[in-house]
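Each chain, written out:
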Amino acid sequence: MSGLTNEGGGMNGDGGMGDGASGSARGGARVEASGAVVKGAARPVGSARPVTTPASRMAALARAELTLLGRSKSTLLAAVLVPLVLPLSLASVVEDMEVQDVGLTTGLVLLPAAIGFSLLFGVYSALAAIYTARREELVLKRLRTGELRDAEILTGAALPVLATGLAQSLVLVTGSTILLDIPAPEAPHLAVLGLLTGLAMCAALAAVTAAVTRTVESAQVTTMPMVLVSMIGSGVTVPLELLPDRLASFCELLPLSPVIVLIRGGWTGDLSAYECLRAIAIALAWTVLAVFAVRRWFRWEPRR
Amino acid sequence: MDTNEHVIEVTDLRRVYGGGFEAVRGISFHVDRGEIFALLGTNGAGKTSTVELLEGLARPDGGRIRVLGHDPHADRAAVRPRTGVMLQEGGFPSELTVAETARMWAGCVSGARPVGEVLSLVGLAARAGVRVKQLSGGERRRLDLALALLGDPEVLFLDEPTTGLDAEGRRDTWDLVRALRDSGTTVLLTTHYLEEAENLADRLAILHEGRIASAGTPAEVTAAQPSRITFRLPEGYFVGDLPPLAELGVSEHEVDGPLVRLRTHELQRAATGLLVWAERAGVDLHGLDVRSASLEEAFLGIAREASRRTADAEVEA
């Protein structure tokens, strides 16, 4: 990117080589607010012209999206409140589940479940709706006319929601450590790894879902399959250990399963190296698949 | 040096949509530095399809584009910091304010001018705190223009910049675009307002069904078209009473009751001949209307001719 600065300045030649007055690009004229052309007014050139970087562009976009998130009551409610409240209502159900038989405690079921909800509602569903809304408002098309690259647009727009998801998880960990009497994690790095891959995967899957979603309203429908399948099959509400073996080994392949496995394993510390690698491989495979699908099928403009 | 002369160069450009619809069917043109070039055409003529390719939003299905010497799609990193784009329709989150929208865009543009400065340039400074959803259609167009100007672009793409503006807003935009041109900015705009192309464009191309039907300066494009004289013959007079039309330089005539319509490429000669005859004969030519060819007539003539050609082709087939 650093080459751009000089390139911008390199076009000045036509403005008048050897013409001492030509201190700025294109002969130094500039249109001022009055509409008058002011000759010789400073136009930033060459190294004086600040060049954007991927990070600075994504930050600008993320800032706008954060403002929008703060103004969208329904998204806030679904993304922030639901994941924090839902696990509480599950507590009594889990207590009846005889989880102790498979070596788990109520807390060790509830915490990964709560983080799973946060990923599903706070990140995945919310982001699928945001991507769809921005596409339908032609915001994505507008952004693509500028310097932002496609990946920067999708990442920048996702940052506020990802930060919310991360913050929620920290609140949930703190809360359940205090309220549910959970011991300190045995292998915290696995929990962190699980959470981070979960965030990345949910963002990528949200973009895939947005590709098949026509309106913001229909996003509530198109996100249902992933939410339901994950709640039932990925150990979010029911630990996979309680499922029949055959079903359990299939369910382990679902997108959110490795995330829950890694997070829970972070606390219990009883994952073997094989189980660890297997979970990471499954999570990576889904993320790569989703990214490929986005590159191939994502729609940047509404259907006409 | 090539890039300095032809800032935009388009060769045999084609665009085919998914359904097989050929929106752009092999067009070529170039735009020089510091020039305002207008793509004129009816809805569906292929203007937006063409501009989107120039902006680098999609890859052409055939032909070649060079903007500032680069392929705008493949070489976007080299082109984008130097171009400004105004799309046909907004594309702003409705819940952001004008200032927030501009600030976001400024963060994505190399060498962005101060947000307040650009908003006053388009007359939106007083509306900075207003949400985009509360803006009028014209104000949204002006916000779009402000964003296109944020990076002080060398090349400006304006897709129907004044659609939805009132007469005053349109004139303000024209003044602004002219001032930009005078400061060296190259402007490519699309419009379906003939008046806009005639007033603003240094050169233009009339698009019809994905092809360039006519191109040149507004004067060149209109010069190819005949001028028109219309009048009413008084009672008792017939076309045969006029001097021989061929001698007046009239190339075509139509008679509709007393109404006579003449077309000529030699307006002065035809008009003089007609008026001298009327003076000598002591005749009043009621409803006399003498007008040189306008872009409007050129435009309508091209559309008429093109559809006639299509009809002929269909008859032959």
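Per an unreviewed UniProt entry, chain B is named Multidrug ABC transporter ATP-binding protein, and its organism is Streptomyces phaeofaciens. The annotation that UniProt attaches to chain B under Subcellular location (unreviewed entry) is "Cell membrane".

The name that an unreviewed UniProt entry assigns to chain A is Transport permease protein, with the source organism given as Streptomyces phaeofaciens. The heading Sequence similarities (unreviewed entry) in the UniProt record of chain A holds the text "Belongs to the ABC-2 integral membrane protein family."

(A) Examining the overall build of chain B more closely. Secondary structure assignment for chain B yields 11 helices and 13 strands. Summarising its shape, the C-alpha atoms of chain B cover approximately 75 × 50 × 40 Å along the three principal directions. Sorting the 317 residues of chain B into buried and exposed places 53% on the buried side. The long-range fraction of contacts in chain B, counting pairs at least 24 apart against all pairs at least 6 apart in sequence, stands at 67%. Charge-centre separation for chain B: the mean point of 35 positive side chains lies 5 Å from the mean point of 49 negative side chains.

(B) Structural detail: the overall build of chain A. In terms of helices and strands, chain A carries 12 helices and 2 strands. Mapped in sequence order, the helices and strands of chain A form the string α-β-β-α-α-α-α-α-α-α-α-α-α-α. Put simply, 75% of the contacts in chain A that link residues at least 6 apart link residues at least 24 apart. As displayed, chain A has an accessible area near 14200 Å², and 66% of this comes from carbon and sulfur atoms.

(C) Layout of the pattern of salt bridges. Overall, the coordinates contain 32 salt bridges over all chains when judged by the stated rule. Here Glu100 of chain B ties to Arg71 of chain A by a salt bridge, and the two come within 2.8 Å at their closest N and O atoms. Of this pair, Glu100 of chain B sits in helix α4 (residues 98-106) while Arg71 of chain A sits in helix α2 (residues 54-71), which puts the two residues in different chains. The exposure class of Glu100 of chain B is buried, given its relative accessible area of 16%. With relative accessibility at 26%, the residue Arg71 of chain A sits in the partly exposed group. For Arg131 of chain B, the salt bridge goes to Glu95 of chain B, with nearest N and O atoms at 2.9 Å. Of the two residues, Arg131 of chain B sits in the loop between α5 (115-121) and α6 (137-149) while Glu95 of chain B sits in the loop between β5 (83-86) and α4, which places them 36 residues apart along the sequence. Since its relative accessible area comes to 27%, Arg131 of chain B is described here as partly exposed.

(D) Spotlight on the sheet that holds strand β1 (residues 6-16) of chain B. Residue and element names in this part refer to chain B. Reading across the sheet, the 3 strands line up as β2-β1-β4 and stay open at both edges, with antiparallel pairing between neighbours. The open sheet has two edge strands, β2 (22-32) and β4 (62-67), and neither has a second partner. Taken pair by pair, the neighbouring strands of this sheet meet at an average axis angle of 15°, ignoring direction. Pairing of β1 with β4, which is carried by 5 bridges, proceeds in the antiparallel orientation. Opposite Ile8, over in β4, you have Val67 as the bridge partner.

(E) Here's a closer look at the side chain of Glu152 of chain A. Residues and elements named next belong to chain A. Structurally, the position occupied by Glu152 is in helix α6 (residues 150-179). For Glu152, a relative accessible area of 6% translates into the label buried. Those residues in contact with Glu152 that lie beyond four places of it in its chain are Pro54, Arg57, Met58, Leu61 and Glu147.

(F) Region of the structure containing the interface of chain A and chain B. Between chain A and chain B, the residue contacts involve 42 residues of the former and 53 residues of the latter. The contact between chain A and chain B buries some 4300 Å² in all, and 54% of this surface belongs to carbon and sulfur atoms. Here chain A is connected to chain B by 4 salt bridges. The interface formed by chain A and chain B includes 11 residue pairs in polar contact (both at pLDDT 80 or more). Going through the elements one at a time, α1 (3-10), β1 (29-31), β2 (37-39), α2 and α5 (139-144) of chain A are the ones with two or more residues in the side of chain A that touches chain B. In terms of residue count, α2 of chain A provides more of the side of chain A that touches chain B than any other element does, 9 residues in total. Residue composition of the side of chain A that touches chain B, grouped by class: 16 nonpolar, 7 polar and 19 charged.

(G) Region of the structure containing the UniProt feature "transmembrane region" (unreviewed entry) in chain A. All names here are of chain A. As annotated by UniProt and renumbered to match this structure, "transmembrane region" (unreviewed entry) occupies residues 76-94, 106-132, 153-178, 190-212, 224-243 and 277-298. Counted over residues 153-178, helix gives 100% and strand 0%. Its end C-alpha atoms are 39 Å apart. Overall, residues 190-212 shows 96% helix and 0% strand. The separation of its end C-alpha atoms is 33 Å.

(H) Examining the sheet that holds strand β9 (residues 211-216) of chain B more closely. All names here are of chain B. Pairing is mixed in the open sheet, where 6 strands are placed in the order β5-β6-β7-β3-β8-β9. Single-partner strands in this sheet number two, and they are β5 and β9. Taken over all neighbouring pairs, the strand axes of this sheet differ in orientation by 15° on average, direction set aside. Across 5 bridges, strand β8 (residues 203-208) lies against β9 in antiparallel orientation. Counted as the bridge partner of Ile206 is Ser214 from β9. Lying over the sheet, helix α2 (residues 47-54) contacts β3 (36-40), β6 (155-159), β7 (186-191) and β8, oriented at roughly 155° with respect to β7.

(I) Representation of the packing of aromatic side chains. A complete count under the given rule lists 6 aromatic pairs over all chains for this structure. Among the aromatic side chains, those forming a connected cluster through ring pairs are Tyr131, Phe298 and Trp300 of chain A. The positively charged end of Arg142 of chain A is found above the aromatic ring belonging to Trp105 of chain B, 4.9 Å away from the centroid.

(J) Structural view of a nonpolar patch on the surface. Residue and element names in this part refer to chain A. A contiguous nonpolar patch, built from Leu77, Leu81, Leu84, Val85 and Val171 and spanning about 430 Å² of accessible area, is present on the exposed surface. For the nonpolar patch, the leading source of residues is helix α3 (residues 73-95), giving 4 residues. Assignment of secondary structure puts Leu84 in helix α3.

(K) Focus on the packing of helix α4 (residues 106-136) of chain A against helix α11 (residues 257-268) of chain A. Residue and element names in this part refer to chain A. With their axes 10 Å apart at the nearest point, α4 and α11 run at an angle of 145° to one another. Every pair of crossing elements has a handedness; the one defined by α4 and α11 is right-handed. Of the residues in α11, those touching α4 at Leu108, Val109, Leu111, Pro112, Ile115, Gly116 and Leu119 are Val259, Ile260, Ile263, Arg264, Trp267 and Thr268. Per-class residue counts for the contact of α4 with α11 are 10 nonpolar, 2 polar and 1 charged.

Conventions adopted
- Residues numbered from 1 in each chain as written.
- Chains lettered and ligands numbered in written order.
- Predicted model: local features only at pLDDT ≥ 70, side-chain atom pairs only at ≥ 80, totals over all residues.
- Heavy atoms only, no water.
- UniProt positions renumbered as here; feature names shortened; annotations may be inferred.
- Helix = DSSP H or I, 4+ residues; strand = E, 2+ residues; numbered from the N terminus.
- Buried < 20%, exposed > 50% of the residue type's maximum accessible area, 1.4 Å probe, protein only.
- Contact = heavy atoms within 4.5 Å.
- Lys, Arg positive; Asp, Glu negative; His and termini not counted.
- Charge placed at Lys NZ, Arg CZ, Asp CG, Glu CD.
- Areas by Shrake-Rupley, 256 points an atom, 1.4 Å probe, with all protein chains shown as cover.
- Salt bridge = Lys/Arg side-chain N within 4 Å of Asp/Glu carboxyl O.
- Pairing = 2+ DSSP bridges.
- Axes fitted to C-alpha atoms, helices over the stretch in contact; angles between N-to-C directions.
- Buried area = accessible area lost by both parts, 1.4 Å probe.
- Polar contact = N/O pair within 3.5 Å; in protein donor to acceptor, adjacent residues only side chain to side chain.
- Nonpolar A, V, L, I, M, F, W, Y, C, P; charged D, E, K, R; others polar.
- Phe/Tyr/Trp six-rings, centres within 6.5 Å; stacked < 30°, edge-to-face > 60°.
- Lys NZ or Arg CZ within 6 Å of the ring centre and 35° of its normal.
- Patch = residues over 30% accessible without salt bridge, like charges linked within 9 Å, V, L, I, M, F, W, Y side chains within 5 Å.
- Left-handed = near helix turned anticlockwise from the far one by under 90°.

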